[in-house]
Amino acid sequence: MPAPIEFFFDFSSPYAYFASHRIDALAARFGRDCLWKPMLLGPAFKASGNQRLIDQPLKGAYSTHDWERLARWMKVPYRLPDPFPVATTSAARAFWWLDSTDPLAAKTFARAVFAAYFEGGRDISAKAEIIAIGAAQACDAQAMAAAIDDPVWKDKCRAETDAAIARGVFGSPFFFVDGEGFWGADRLGMLAEWLESGGW
């Protein structure tokens with residue numbers, strides 16, 4: 001089986017939310033698995049000298065409009081959460097804990113976190129919200145709560161973020177296929193053509 005597509009994302013990224021609706025189907029179309037890899041954008045922004053889209057003059061207003069337009073185009077539910085953006089450390093740690101034993105459950109959990117934030121407006125920076133989202137997906141709430149505070153998963157989250165940055169990941173979403181990097185939800189079409197043609 002060919003190598004999987006790697007999907008790097010931060011849970012508070014609207015463009016990652018939109019990409020999450022399509023990336024697995026795209027991967028399956030080409031007989032590939034897709035590895036979901038949450039990371040933290042704060043350290044990536046620091047490493048690249050970038051700042052949050054919402055804080056950038058002109059670009060922030062455009063992005064807010066673009067997210068709403070993209071939701072209509074894709075026909076997916078969306079509303080800009082308040083507060084936005086938020087820290088996603090608890091969600092990422094919980095994901096990596098789940099992924100260590102059940103990657104499919106981790107993906108289901110990740111989709112639920114995205115939906116909770118970008119559809120339901122829930123504050124996913126709150127540990128209690130993440131545990132509640134996990135419990136609704138049949139996760140062990142007590143075990144998840146312990147994992148979020150466990151140094152093992154703190155270190156795992158940090159290591160995955162550092163490894164992503166070392167590979168050149170500076171934004172969310174970011175994809176790798178056969179070593180080739182693609183940044184942004186708007187690169188999914190190019191990624192598909194790359195897979196179809198074998199690259200260029």
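Residues numbered from 1 in each chain as written. Predicted model: local features only at pLDDT ≥ 70, side-chain atom pairs only at ≥ 80, totals over all residues. Heavy atoms only, no water.

S.K.: Please explain the sheet that holds strand β3 (residues 174-177) as it appears in this structure.
M.R.: Two strands in a sheet stick together by hydrogen bonds in their backbones, pointing the same way (parallel) or opposite ways (antiparallel). Judged by pairing direction, the sheet is mixed, and its 4 strands sit side by side in the order β2-β1-β3-β4 without closing on themselves. Strand pairing shows two members of the sheet lacking a second neighbour, β2 (34-38) and β4 (180-183), which therefore form its edges. Averaged over all pairs of adjacent strands, the angle between their axes in this sheet comes to 20°, without regard to strand direction. Looking at chain direction, strand β1 (residues 5-9) and β3 are connected through 3 bridges and run antiparallel. Of the residues in β3, the one forming a bridge with Glu6 is Phe176. Lying over the sheet, helix α6 (residues 103-118) contacts β1 and β2, oriented at roughly 55° with respect to β2. (Pairing = 2+ DSSP bridges. Helix = DSSP H or I, 4+ residues; strand = E, 2+ residues; numbered from the N terminus. Axes fitted to C-alpha atoms, helices over the stretch in contact; angles between N-to-C directions. Contact = heavy atoms within 4.5 Å.)

S.K.: What am I meant to see in unusual backbone geometry here?
M.R.: Residues apart from glycine generally show negative phi values, whereas peptide bonds are mostly found in trans. Cis geometry marks the peptide bond from Asp82 to Pro83, where omega comes out at 10°. Mapped onto the secondary structure, Pro83 falls in the loop between α4 (59-74) and α5 (89-99). Residues Ser172 and Pro173 are joined by a peptide bond in cis, for which omega reads 5°. The backbone of Lys75 shows a phi angle near 60°, a positive value even though the residue is not glycine. Tracing the chain through its elements places Lys75 in the loop between α4 and α5. Overall, Lys75 belongs to the exposed group, its relative accessible area being 73%. You will see that Asp178, though not glycine, has its phi angle at about 50°, which is positive. (Buried < 20%, exposed > 50% of the residue type's maximum accessible area, 1.4 Å probe, protein only.)

S.K.: Help me understand the pattern of salt bridges in this model?
M.R.: As a working rule, side chains carrying opposite charge can pair if their charged atoms are close by. Taken as a whole, this structure holds 13 salt bridges when the rule is applied. Taken together, the shared-partner salt bridges connect Asp24, Asp33, Lys107 and Arg111 into one network. (Salt bridge = Lys/Arg side-chain N within 4 Å of Asp/Glu carboxyl O.)

S.K.: Whenever I open this one, the environment of Val86 confuses me. Can you help?
M.R.: Following the sequence through the fold, Val86 ends up in the loop between α4 and α5. Placed 49 residues apart in sequence, Val86 and Ala135 show a C-alpha to C-alpha distance of 21 Å. Those residues in contact with Val86, other than ones at most four positions away along the chain, are Ser12, Tyr117, Asp123, Ile124 and Ser125.

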